[in-house]
Amino acid sequence: MARGKLRIYVGAAPGVGKTYAMLSEAHRRVERGTDCVVAFVEHHDRPRTEVMLHGLEQIARKDLEYRGAVFTEMDVDAVLLRAPAVALVDELAHTNIPGSRNAKRWQDVEELLAAGIDVISTVNIQHLESLGDVVESITGVRQQETVPDEVVRRADQIELVDMSPQALRRRMAHGNIYKPDKVDAALSNYFRPGNLTALRELALLWVADRVDEYLKAYRSEHRVSAIWGSRERIVVGLTGGPEGRTLIRRAARLAEKGAGGEVLAVYIARSDGLTSASPKELAVQRTLVEDLGGTFHHVVGDDIPAALLDFARGVNATQIVLGSSRRKAWQYVFGPGVGATVARESGPDLDVHIVTHEEVAKGRGLPVARGARLGRARIIWGWLVGLVGPVVLALLLNTVDLGLANDMLLFLAVTVAAALLGGLLPSLASAAFGSLLLNYFYTPPLHRLTIADPKNIVAIVIFVGVALSVASVVDLAARRTHQAARLRAESEILSFLAGNVLRGETSLEELLERVRETFGMESAAMLERAGEVEPWTCAGRAGFGPPLDRPEDADVDVPVGDHLALALTGRVLPAEDRRVLAAFAAQAAVVLDRRRLKEEADQAKELAEGNRIRTALLAAVSHDLRTPLAGIKAAVTSLRSDDVEWSEEDRAELLEGIEEGADRLDHLVGNLLDMSRLQTGTVTPLIREIDVDEVVPMALGGVPEDSVDLDIPESLPMVAVDPGLLERSVANLVENAVKYSPEHRRVLVAGSAIADRVEVRVVDQGPGVPDDAKDRIFEPFQRYGDSPRGAGVGLGLAVARGFAEAMGGTLNAEDTPGGGLTMVLSLRAAGSRPVQLTPAQPERQAP
């Protein structure tokens with residue numbers, strides 16, 4: 001079955017007449033005999049829209065109940081069963097009531113289209129997903145119902161329903177859109193003239209772009225190469241020279257004069273990659289054209305005029321802006337130039353503007369062989385062969401007669417050798433010197449700098465030409481090798497930077513050290529300032545050198561925005577190094593921002609943890625601490641009352657309750673104080689050597705006598721601990737174990753020695769704790785499972801672990817074989833060396 005066609009009426013705001021236009025189209029189709037039905041149309045109590053529904057078949061809606069109310073939605077199944085030729089579906093971006101067939105109405109429309117039903121729908125421009133942020137900045141209202149742009153772009157027809165803001169406000173004032181009680185609020189808020197004008201511009205531009213896409217598709221399908229000037233598109237040809245900024249600004253002014261003008265800057269690079277364009281200048285020009293609302297394009301082509309014209313015709317441009325040639329007058333012997341060629345071959349449909357600038361006729365400069373590319377040793381040997389070689393050869397040839405042809409071949413071999421070794425200049429010197437020697441010694445008349453036979457002139461010219469050709473090839477090969485090596489080094493550096501960006505591993509100081517080493521500088525520093533008039537400060541530096549107060553004091557400075565700069569001292573870098581240096585500077589800024597964000601995140605985490613603990617502490621104080629106080633107060637009040645005559649048994653029971661409440665209160669306050677000491681870092685253990693069996697029994701005073709089995713061998717080695725902290729830790733562990741142990745099941749407290757450690761195990765047979773919760777139970781104010789609020793504030797285990805770690809020990813939870821939980825308190829045996837914590841084994845901080 002063929003897919004149905006979608007037609008969408010787009011409007012800038014509610015009330016412009018989208019639904020009215022859709023219903024008018026439906027009436028026209030019904031009059032032509034088309035089977036057209038109303039699947040869902042909302043008239044919003046607008047009389048004129050409601051009248052348009054008369055005479056059209058309407059599919060019954062589906063009732064859905066949600067949160068005690070009944071809503072109506074489009075019945076997709078009913079529409080599919082009816083199978084009309086055309087279905088009207090209003091409000092494409094609508095979100096369906098939960099329980100509907102699809103979450104969004106545009107998904108309902110997709111089902112109808114897939115079934116071969118044509119759909120006519122409506123949507124406001126503010127409901128397009130890509131424009132949500134723009135609409136919110138204009139109107140201050142965030143649209144909750146959106147439709148993906150691609151759904152609307154795939155429509156077979158898009159029609160704009162337009163209305164001026166003044167006309168729409170008049171329609172609003174007449175009560176044709178909203179009820180009278182809502183008109184004043186709407187006119188003073190969403191329907192303000194500025195809002196409506198901005199939304200109208202968005203709608204016009206979006207539809208214009210869609211029309212432009214239709215035009216491009218049509219031109220591509222029908223292979224139309226001629227330019228159709230439907231809108232002004234201005235292509236700016238850039239060479240990478242400083243005149244590019246002038247050309248871009250000139251093109252922007254031309255675009256402003258035409259409606260919907262567009263600027264496209266294009267730089268055409270040769271495929272050999274040996275162009276002399278400045279990467280820094282191209283980056284500046286890219287930024288400039290994007291700031292002016294244009295786009296930047298990079299194209300590869302050996303025939304620059306042809307590539308420029310192909311690009312202009314490909315984007316349906318109407319104008320080309322070029323700069324006057326920078327070539328000197330004598331350089332025109334090599335051709336008319338890019339500007340003249342483009343103007344001659346542009347044709348009648350493409351205007352070419354030649355713009356003057358300050359660099360006209362100043363020359364571009366020719367590529368010159370650089371000795372550094374060949375190496376000093378090769379240059380020296382090239383000059384020796386080029387100057388000494390012809391003299392030695394002339395002395396040898398004076399002793400034997402080989403003929404002029406052989407003599408020229410031998411001199412040519414010397415010149416080629418000089419070219420292969422030293423490049424262009426040594427070969428030119430060898431060619432000139434060798435030709436003089438040939439002319440003087442071997443070309444008639446001999447021993448005179450004249451040539452009698454014209455054939456010898458041709459031979460000498462060929463001799464010099466071959467020398468120049470070989471030297472040029474050597475120079476080109478050296479340039480390619482130099483550039484390949486440089487690009488390889490740049491790619492390795494950029495790959496390193498890209499890896500660091502993804503992994504976020506390198507610190508700012510390490511990155512600056514890498515910059516210093518890569519470019520051979522004395523020092524590298526990242527400078528920053530808070531504002532334009534604020535002094536510069538150093539955020540990080542590497543190397544040895546005087547500190548920098550300003551970027552201008554450095555040998556090389558690369559700005560990163562308005563308030564950051566990478567400054568290097570040591571030497572002045574060539575322009576070709578600044579591309580990679582700019583990448584380093586951008587990465588340094590990213591590293592600095594990441595470091596700041598991490599610091600802020602850590603501070604926020606500490607604050608959040610502090611707030612959580614304070615909140616829990618307040619909850620504990622407000623509830624857990626008040627419970628024993630309330631019990632004590634009630635018992636004391638009862639004892640003091642004269643209205644009741646208490647028996648001795650009752651008085652003893654009330655006094656026992658007072659004592660239990662006071663003990664419980666003392667225990668809770670003690671844990672709170674201990675936790676506060678741990679958090680503030682004021683716990684200073686007094687370590688001394690002591691036997692475990694002297695301390696552990698003292699920790700069992702807070703639990704019933706028959707609830708614990710003690711197994712501490714006397715043969716255990718002594719431990720280096722603070723006896724008070726150890727007693728408090730074991731007491732909290734035992735109380736916790738007894739609390740969760742089943743009745744008539746005793747808790748086992750056992751001791752054992754392992755290597756240089758002594759372990760105290762508190763074993764219960766209670767419900768146990770899952771593996772993923774074993775660490776959480778040591779956090780402050782944590783109670784596992786459904787422990788009642790009256791069971792404590794959840795600090796016992798946190799305090800126990802904090803005290804254990806303060807003494808250099810550890811406390812961990814393990815499963816008890818057969819069910820339950822075992823707390824393992826590991827202590828350092830007396831005489832053993834303290835454990836040195838390393839970065840791989842970070843010291844646990846008390847929460």
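If you're wondering where the values come from, they're calculated on a predicted model, not measured in any experiment. (Residues numbered from 1 in each chain as written. Predicted model: local features only at pLDDT ≥ 70, side-chain atom pairs only at ≥ 80, totals over all residues. Heavy atoms only, no water.)

Helices and strands together make up the secondary structure of the protein, namely 25 helices and 24 strands. Out of the 847 residues in the protein, the part that is buried amounts to 42%. If you take every contact in the protein between residues at least 6 apart in sequence, the share linking residues at least 24 apart comes to 70%. Summed over all atoms, the accessible surface of the protein reaches about 45,500 Å², with 55% contributed by carbon and sulfur. (Helix = DSSP H or I, 4+ residues; strand = E, 2+ residues; numbered from the N terminus. Buried < 20%, exposed > 50% of the residue type's maximum accessible area, 1.4 Å probe, protein only. Contact = heavy atoms within 4.5 Å. Areas by Shrake-Rupley, 256 points an atom, 1.4 Å probe, with all protein chains shown as cover.)

Let us look at the pattern of salt bridges. Scanning the entire structure with this criterion turns up 24 salt bridges. With a shortest N-O distance of 3.4 Å, Glu 759 and Arg 761 are connected by a salt bridge. You can call Glu 759 buried: its relative accessible area is 14%. The network of salt bridges with shared partners includes Arg 7, Glu 25, Arg 28, Arg 29 and Glu 159. (Salt bridge = Lys/Arg side-chain N within 4 Å of Asp/Glu carboxyl O.)

What follows is about a positive patch on the surface. A cluster of like positive charges, contributed by Arg 249, Arg 250, Arg 253 and Lys 257, occupies part of the molecular surface. With respect to the helices and strands, Arg 253 occurs in helix 10 (residues 244-257). With relative accessibility at 42%, the residue Arg 253 sits in the partly exposed group. (Patch = residues over 30% accessible without salt bridge, like charges linked within 9 Å, V, L, I, M, F, W, Y side chains within 5 Å. Lys, Arg positive; Asp, Glu negative; His and termini not counted. Charge placed at Lys NZ, Arg CZ, Asp CG, Glu CD.)

Take helix 7 (residues 165-173) next. Pro 165, Leu 168 and Met 172 are the residues of helix 7 that are buried. The buried residues of helix 7 occupy one face: seen down the axis, they fall within an arc of 65 degrees. (Arc of directions from axis to C-beta.)

With respect to the secondary-structure elements, Glu 57 resides in strand 3 (residues 57-58). Here the alpha-carbon distance between Glu 57 and Val 37, two residues 20 residues apart in the chain, equals 5.0 Å. Contact partners of Glu 57, with chain neighbours within four places excluded, come to Cys 36, Val 37, Val 38 and Arg 82. A polar side-chain atom of Glu 57 sits 2.8 Å from a polar atom in the side chain of Arg 82. (Polar contact = N/O pair within 3.5 Å; in protein donor to acceptor, adjacent residues only side chain to side chain.)

Residues of helix 12 (residues 304-314) that are buried include every one of Pro 305, Ala 307, Leu 308, Leu 309, Phe 311 and Ala 312, and no others. Buried residues along helix 12 sit in contact with strand 9 (233-238), strand 10 (262-269), strand 11 (295-300), strand 12 (319-323) and helix 13 (338-345). Of the residues one or two after helix 12, Asn 316 is the one with positive phi, at around 60 degrees.

Look at Ala 83: it is not a glycine, yet its phi comes out positive at around 50 degrees. Mapped onto the secondary structure, Ala 83 falls in the loop between helix 3 (76-82) and strand 6 (86-89). The residue Glu 91 is not glycine, and still its phi comes out positive at about 55 degrees. For Glu 91, the position within the fold is in the loop between strand 6 and helix 4 (105-114).

A contiguous patch of negative charge, built from Glu 648, Glu 649, Asp 650, Glu 653, Glu 656, Glu 659, Glu 660, Asp 663 and Asp 666, is present on the exposed surface. Relative to the helices and strands, Glu 648 is located in helix 22 (residues 648-680). By relative accessible area, which is 61% here, Glu 648 ends up exposed.

So, on to the pairing of strand 24 (residues 821-828). Of all eight residues making up strand 24, eight are buried, and the element is well covered by its neighbours. In strand 24, alternate side chains face the same way, and those of Leu 821, Met 823, Leu 825 and Leu 827 on one face and Thr 822, Val 824, Ser 826 and Arg 828 on the other are all buried. Relative to strand 24, strand 22 (residues 757-763) runs antiparallel, the two being bridged by seven bridges. Looking at strand 24, one finds that Val 763 is bridged to Thr 822. (Pairing = 2+ DSSP bridges.)

Read from one edge of the open sheet, five strands run 11-10-9-12-13, paired in parallel fashion. On the outer flanks of this sheet lie strand 11 and strand 13 (351-355), each paired with one strand and no other. Going from strand to strand, the sheet's axes swing by 25 degrees on average, the running direction of each strand aside. Docked against the sheet, helix 10 engages strand 9, strand 10, strand 12 and strand 13, running at close to 175 degrees with respect to strand 9. Seen against the sheet, helix 12 touches strand 9, strand 10, strand 11 and strand 12 and runs at an angle of roughly 150 degrees to strand 10. (Axes fitted to C-alpha atoms, helices over the stretch in contact; angles between N-to-C directions.)

This part is about the packing of helix 12 against helix 13. Relative orientation of the contacting elements helix 12 and helix 13 amounts to 45 degrees, with a least axis distance of 9 Å. Classed by the angle they form, the pair helix 12 and helix 13 counts as oblique. Every pair of crossing elements has a handedness; the one defined by helix 12 and helix 13 is right-handed. Here Ile 304, Pro 305, Leu 308, Leu 309 and Arg 313 of helix 12 come into contact with helix 13, specifically with Val 338, Thr 341, Val 342 and Glu 345. Here the residues of the contact of helix 12 with helix 13 sort into six nonpolar, one polar and two charged. (Parallel < 35°, antiparallel > 145°, perpendicular 65-115°, else oblique. Left-handed = near helix turned anticlockwise from the far one by under 90°. Nonpolar A, V, L, I, M, F, W, Y, C, P; charged D, E, K, R; others polar.)

Turning our attention to the sheet that holds strand 19 (residues 708-711). Pairing in this open sheet of five strands is mixed, and the strands run 19-21-22-24-23 from one edge to the other. Where the open sheet ends on each side, the last strands, each with one partner, are strand 19 and strand 23 (810-815). Mean inter-strand twist for the sheet, computed between neighbouring axes without regard to direction, equals 20 degrees. Sitting on the sheet, helix 24 (residues 723-740) touches strand 19, strand 21 (747-754), strand 22, strand 23 and strand 24, and the angle it makes with strand 24 is about 170 degrees. Helix 25 (residues 796-806) rests against strand 23 and strand 24 of the sheet, and its axis sits at about 130 degrees to strand 23.

What follows deals with a nonpolar patch on the surface. On the surface, Ile 380, Trp 381, Trp 383, Leu 384, Leu 387, Val 388, Val 392, Leu 396, Leu 421, Leu 425, Leu 428 and Leu 468 cluster together to form a nonpolar patch covering roughly 1,100 Å² of accessible area. If you list the elements that add at least two residues to the nonpolar patch, you get helix 15 (376-397) and helix 17 (424-442). A total of eight residues in the nonpolar patch trace back to one element, the largest contributor, which is helix 15. When you line up the elements, Val 392 lands in helix 15. Taking the relative accessible area as the measure of exposure, Val 392 reaches 43% and is therefore partly exposed.

Our next topic: the confidence of the model for the protein. Low-pLDDT portions of the prediction should not be read for the details of their coordinates. Residues with a pLDDT of 70 or more make up 78% of the protein, whose mean pLDDT is 78. Mean pLDDT values for the elements of the protein range from 51 in helix 14 (residues 371-374) up to 94 in strand 6. Contacts from residues 786-791, a stretch scored under 50 in pLDDT, to residues over four places away or in other chains number ten contacts. (pLDDT = per-residue confidence, 0-100.)

What follows is about the packing of aromatic side chains. Counted according to the given criterion, the structure contains zero aromatic pairs. The ring of Phe 40 has Arg 105 lying over it, and the distance from NZ or CZ to the ring centre is 3.9 Å. Seen from the ring of Phe 778, Arg 801 lies directly overhead, with NZ or CZ sitting 3.9 Å from the centre. (Phe/Tyr/Trp six-rings, centres within 6.5 Å; stacked < 30°, edge-to-face > 60°. Lys NZ or Arg CZ within 6 Å of the ring centre and 35° of its normal.)

On to the side chain of Asp 149, then. With respect to the helices, strands and loops of the structure, Asp 149 is situated in helix 6 (residues 149-153). No salt bridge is formed by the buried Asp 149. Its closest oppositely charged neighbour is Arg 153, at 4.8 Å. The residues touching Asp 149, leaving out its near neighbours within four places in the chain, are Leu 128, Glu 129, Ser 130 and Trp 206.

This brings us to the packing of helix 16 (residues 404-422) against helix 17. Between helix 16 and helix 17, the least distance of the axes is 7 Å, while the angle of their chain directions is 165 degrees. Classified by the angle their axes make, helix 16 and helix 17 are roughly antiparallel. Remark: the crossing between helix 16 and helix 17 carries right-handed chirality. Residues Leu 404, Asp 407, Met 408, Phe 411, Val 414, Thr 415, Ala 418, Ala 419 and Gly 422 of helix 16 form the contact with helix 17, whose own contacting residues are Leu 424, Pro 426, Ser 427, Ser 430, Ala 431, Gly 434, Leu 437, Leu 438 and Tyr 442. Considered class by class, the residues forming the contact of helix 16 with helix 17 number twelve nonpolar, five polar and one charged.

Ranked by size, the top nonpolar core spans 60 residues in total, and within it Leu 88, Leu 92, Leu 112 and Val 147 carry the most contacts. If one sorts the elements of this core by residue count, helix 9 (residues 193-221) sits on top with six residues. Setting aside its immediate chain neighbours within four residues, Val 147 contacts Leu 92, Ala 93, Trp 106, Val 123, His 127, Leu 128, Glu 129 and Val 152. Val 708, Ile 712, Leu 726 and Leu 797 belong to the second-largest nonpolar core, a separate cluster that totals 41 residues. (Core = buried A, V, L, I, M, F, W, Y, C linked by side-chain atoms within 4.5 Å.)

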